[in-house]
Amino acid sequence: MIHPARTYLGAAGAAGPLLFLEGTRRAVLGEVATVRCAGAPPRRGQVIEAGEDLTVVQVLEETIGLGPEAARVTLTGDPAAGTVGPDLLGRVLSGAGAPLDGLPAPVGAGRRPLQGAPMNPVRRRKPADFIETGISAIDGLNTLVRGQKLPIFSGSGLPGLALAARVVAGARTPRGEPFAVVFVGIGVTQRETDEFLRGFAGTEAMARSVFYLNRTADPTIERILAPRFALTQAEYLAFERGMHVLVVMADLTQYCEALREIGAAREEIPGRRGYPGYLYTDLATLFERAGVLRDGTGSVTQLPILTMPDDDITHPIPDLTGYITEGQIVLSREMHRQVVDPPVDVLPSLSRLMSAGIGAQTSPAHRRWADQLYASYAQGRDARATAAIVGEAGLPPEDRRALAFADRFEREFIHQGPARRTIAETLEQGWRLLESLPREDLRRIPDATWAERRTAREAAP
Amino acid sequence: MTDIPRVVRIAGALTEVAPLPGAALHEIVRVGDRGLLGEVIRVRGQTATVQVFEETIGLALEEPVRVTGAPLEVDLGPGLLGSVLDGIGRPLERLAALQGDFLAAGADAPTLDPDRRWPFTPSLQAGADVGPGDVLGTVPDRNGEHRILVPPGVSGRLAELKAGDWTVLDPVGRLEDGTELRLAHRWPVRVPRPVAAWRTGARPFVTGQRVFDFLFPVAEGGSVAVPGGFGTGKTVIEQSLAKYAEADIVVYVGCGERGNEMADVLTEFPELVDPRTGRTLMDRAVLVVNTSNMPVAAREASVYLGLTIAEYYRDQGFRVALMADSLSRWAEALREIGSRLREMPGEEGYPTGLGSRLGKMCERAGRALVPGRPEREGAVTFISALSPPGGDLSEPVTQAAGRVVAALWALDAGLAHQRQFPAVDWETSWSLQAEGVAPWFAQHVGEDWPALRREVLTLLQRDRELREVAGLVGPDALEDADRLVLESARLARECLLGQSAYDAADASSPLAKTRAMAALLVRMLEGGRAALAAGRELGALDLTRARRALVALRDGPPAQFEETVAAARAEVEASLRQAGGAT
Ligand SMILES: Nc1ncnc2c1ncn2[C@@H]1O[C@H](COP(=O)(O)OP(=O)(O)OP(=O)(O)O)[C@@H](O)[C@H]1O
Ligand SMILES: [Mg+2]
């Protein structure tokens, strides 16, 4: 459908980031608007509700000083779209796709609607390709596969973004195909983005990466579109160019705050803790853009990062995210304090697509091995809690052993410092810890698996 | 020009249309130039509010709206099995053929393939008097045989019924009053299909999951809610039930959940072969898929679509398992739409009618004498996952569901974090039908089944009390008899109730195996008690040996079940004799 542009003189009102128009004929839901005011550069906006009596335009730039009466609003008839193309790689752009690196705006290979379209579920391929990140807590226990969306649940002051950077730098795939990286900073600080960028500057990985940066000081509403610019480019690279794309999105909490702001300006009935009732659906339109096509070669893998307000995993933002994503990597303040690096609490962490990625691609015993590490560690953590009350001496011998195991597990398996571990090294590290326990404590390891391990170990130098 | 109904407002999935005098609630309309499918959900004077089942971005004010006069309906007939439909009944493969890898609004695709021919064998002849539900004949379908029914509300004398190769659109027969009969008929999804009489079932819905079959069984035709926080295992349970529960037909509704999970189902279901029939699970399944990023109004409709298809197979006399993952997403869709209507909300923003809608939905499950001849019974067992915010079961949807279901299988994040699966919290889970189906288990599996169940429940209860004490004084301070309880309960949790979906040998547990494991555990507990009573010490009891026997039974190859049971029993008896606990 082609809609001609229409210009209206004067808006009926404004509230926060919203502008209200009366008497708009043929307004199109989602179309781009341009708002002009004397003495200010034109601002861009988008129709988020269309009505003959009232149309609502969400303005992307700062609305301070915007006088509705004098505004000239043009409804362009065009859907919100972003420039996509291979020439965006190597570039640093704003949250709205404008160049920040001093170079001219990218020409691109075309424009694509930011909204994106849902992948037809029957055209999806089940994600199953193992990505070795070099991090034991992930590769061994919460395995990442290509096409997955696996968020990092961080807390303020916890190294969520740093962990994502490590994953990006360390990611290896079985056939060695490199990833293109699409990074989108959503309301993140200059320091954080600089740190992230520094890892790339001057490397050949930079040539395979594109950065969309909406910083803390940038307009809040731009945060709604920034991840969509990034995902639109990611989908282009993956599904039109056949590339494997790793999308890092930080910080989703800032994104949700922006949504809440709009909801409040629209005087919507808020849902839990003031967030819009459609937060789940809205987040799904971002996260579900990860995946692999049945007949394609490319893939979109997402590593979103969010900050749990008050470290509370039941807060609506981590909660709804966990309900959409295929697992989560949860960081722990306690472990961070104990200088466990990376401070991953593996118990609440999960990768739902792990089963497809392990086994043949890692080790046939991987599942049992992981189950046993989990079981022993969980028992040790329980024992630690009991010991805090009754003292270690009050524990039965097996619990005492589990407690000692848990301590070593955190120090020697989860903690790895800056070193990168191959999956073989990760598995070996885990086995060594398990072997510190007597056989009867290892109830998740069947005899056959145990025997194989013994043989393999004896064969090893 | 002004009389043509047009779009006057667009807000998300909602549009307002005027003038639309005389619009009926739940009437289907075609919205805009692309004819998006919409449903009237409110009428005020000349203005109707329409929820649109497709993406509304790109829709413009003043685009015309066409009324259809019909409610949201689905075609029911041969060819449903093996298909993957979106929330409003369009086959996704067909949409992919039309649109490619990504979905776009405005496509039309009939639920049933209009060109496919089915060899029809009538079982009645001209002159017969027929009524609703009577079996007119059969066509072969992927599950074996598809029964062609006289649609509800239709009766009269058969003037003609023709064998032959027909499409679902061809008339295959006629009543004397001229009514044409076809292989398929349409049915409004929001209206329950009538039954002749509801039956209370004494027969359990056998799931293959020990914790459900043994502790919280439901009757065939029961409805179950499975609430649990994210990652607690709801989807794995729904999929395990689809794969292994005893049912003729499986209807799986992916309601507002993940696309990759559906890809998983679509890879696995066609590969899972039933050794008894040689047919795959996909041959007897219908999938309804409306993922979280697909239009929210269609998500709301998807559950009704699933229910209607399930009822249709029930009416043919089949036992149908209907899975909905997740009903919370359905409720949220209602809330999203309700809030755009600016209706006065009830608890937590959900519409005030949530409880009654949920109740009506669950009432569509059940075992029934279905209408028509030959006389037959069918059942729809309805298992719905619930996704409570923060995993908190006191929230409105879980509470409302708890009032209408026959059983609640509550999942616990703590257990899931310890990878104790299925993470069923047996303290908060319940079944109203456990007593009702107990005689069936006693008769068909083993007389001791009800007694074993009581023993294990008591053990778990006692374990809970003791663990509280142990948390205060330390487990080592407990007496031997109590530590025996703790040890046995741990075994019960780990082996008897624990079951890995990824373990080929144990993903499904036949009832005989479930009983054998329970019996072994109880024998060990009783033998241990006897030994302690005879003055032995707990340390002298070789629990490790008994435990190994139980693990061997759990992990043993299903083909050698008899041998494994015998060996495990011998092991346990030997270890008890050694400890002086044998009697
Ligand atoms: N019976 C089981 N055996 C082994 N693993 C299981 C079992 N049930 C669950 N899991 C593990 O837990 C993970 C999460 O399960 P699942 O996806 O079913 O959670 P869910 O409750 O549906 O979560 P959500 O509400 O977010 O969809 C699985 O990916 C799997 O690793
Ligand atoms: Mg799920």
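Residues numbered from 1 in each chain as written. Chains lettered and ligands numbered in written order. Predicted model: local features only at pLDDT ≥ 70, side-chain atom pairs only at ≥ 80, totals over all residues. Heavy atoms only, no water.

Visitor: Any details on the interface of chain B and chain A? Residues and values, ideally.
Guide: If you look at the interface, chain B gives 84 residues, while chain A gives 83 residues. Interface of chain B and chain A: buried area, both sides summed, is about 6,800 Å²; carbon and sulfur atoms make up 52% of it. For chain B, the biggest contributors to the area lost against chain A are B:Phe230, B:Asn260 and B:Arg419; these three give 12% of the whole. Our enumeration of links across chain B and chain A arrives at ten salt bridges. With its nearest N and O atoms 3.6 Å apart, the salt bridge here joins B:Glu93 to A:Arg294. Linking chain B with chain A are 33 residue pairs in polar contact (both at pLDDT 80 or more). For the side of chain B that touches chain A, the leading source of residues is helix α4 (residues 259-268) of chain B, giving eight residues. Pairing analysis gives two bridges linking strand β5 (residues 40-51) of chain A to strand β1 (residues 6-11) of chain B, with the strands arranged antiparallel. (Contact = heavy atoms within 4.5 Å. Buried area = accessible area lost by both parts, 1.4 Å probe. Salt bridge = Lys/Arg side-chain N within 4 Å of Asp/Glu carboxyl O. Polar contact = N/O pair within 3.5 Å; in protein donor to acceptor, adjacent residues only side chain to side chain. Helix = DSSP H or I, 4+ residues; strand = E, 2+ residues; numbered from the N terminus. Pairing = 2+ DSSP bridges.)

Visitor: Explain helix α7 (residues 316-324) of chain A to me, using residue names and the numbers behind them.
Guide: Counting buried residues along α7(A), nine of its nine residues qualify, which places the element largely inside the surrounding structure. Along α7(A), the residues that are buried comprise A:Pro316, A:Ile317, A:Pro318, A:Asp319, A:Leu320, A:Thr321, A:Gly322, A:Tyr323 and A:Ile324. (Buried < 20%, exposed > 50% of the residue type's maximum accessible area, 1.4 Å probe, protein only.)

Visitor: Describe the site of ligand 1, with residues and values.
Guide: The environment of ligand 1 is made up of 19 residues, and the closest members are A:Arg352, B:Lys234, B:Thr235, B:Val236 and B:Arg258. In this structure, ligand 1 is bordered by residues of chains A and B. Here an oxygen atom of ligand 1 sits 2.6 Å away from a polar atom, N or O, in the side chain of B:Lys234. Expressed as a share of its isolated accessible area of 630 Å², the protein-covered part of ligand 1 is 94%. For the shell around ligand 1, the elements supplying multiple residues, two or more each, are α7 of chain A together with α3 (234-244) of chain B. By residue number, the principal contributor to the shell around ligand 1 is α3(B), which donates three residues. For the shell around ligand 1, a count of residues per class yields seven nonpolar, eight polar and four charged. (Near = heavy atom within 4 Å. Areas by Shrake-Rupley, 256 points an atom, 1.4 Å probe, with all protein chains shown as cover. Nonpolar A, V, L, I, M, F, W, Y, C, P; charged D, E, K, R; others polar.)

Visitor: Pulling in residues and values, what's your account of the side chain of B:Ser509?
Guide: All names here are of chain B. Tracing the backbone through its elements, the reader meets Ser509 in the loop between α12 (480-497) and α13 (511-533). Side chain to side chain, Ser509 and Arg210 meet in a polar contact 3.1 Å long. At 3.0 Å, the side chain of Ser509 forms a polar contact with the side chain of Thr514. The contacts of Ser509, once residues within four sequence positions are left out, are Gly208, Arg210, Gln499 and Thr514.

Visitor: Describe the sheet that holds strand β9 (residues 118-122) of chain B, and please don't skip the residues or the numbers.
Guide: Residues and elements named next belong to chain B. The antiparallel open sheet is built from four strands, whose spatial order is β12-β11-β9-β14. Only two strands of the sheet have a single partner each, and these edge strands are β12 (144-149) and β14 (164-166). Here the average twist between neighbouring strands, direction ignored, is 40°. Relative to β12, strand β11 (residues 135-141) is paired through six bridges, and the arrangement is antiparallel. Its bridge partner lying in β12, Pro140 is registered against Glu145. (Axes fitted to C-alpha atoms, helices over the stretch in contact; angles between N-to-C directions.)

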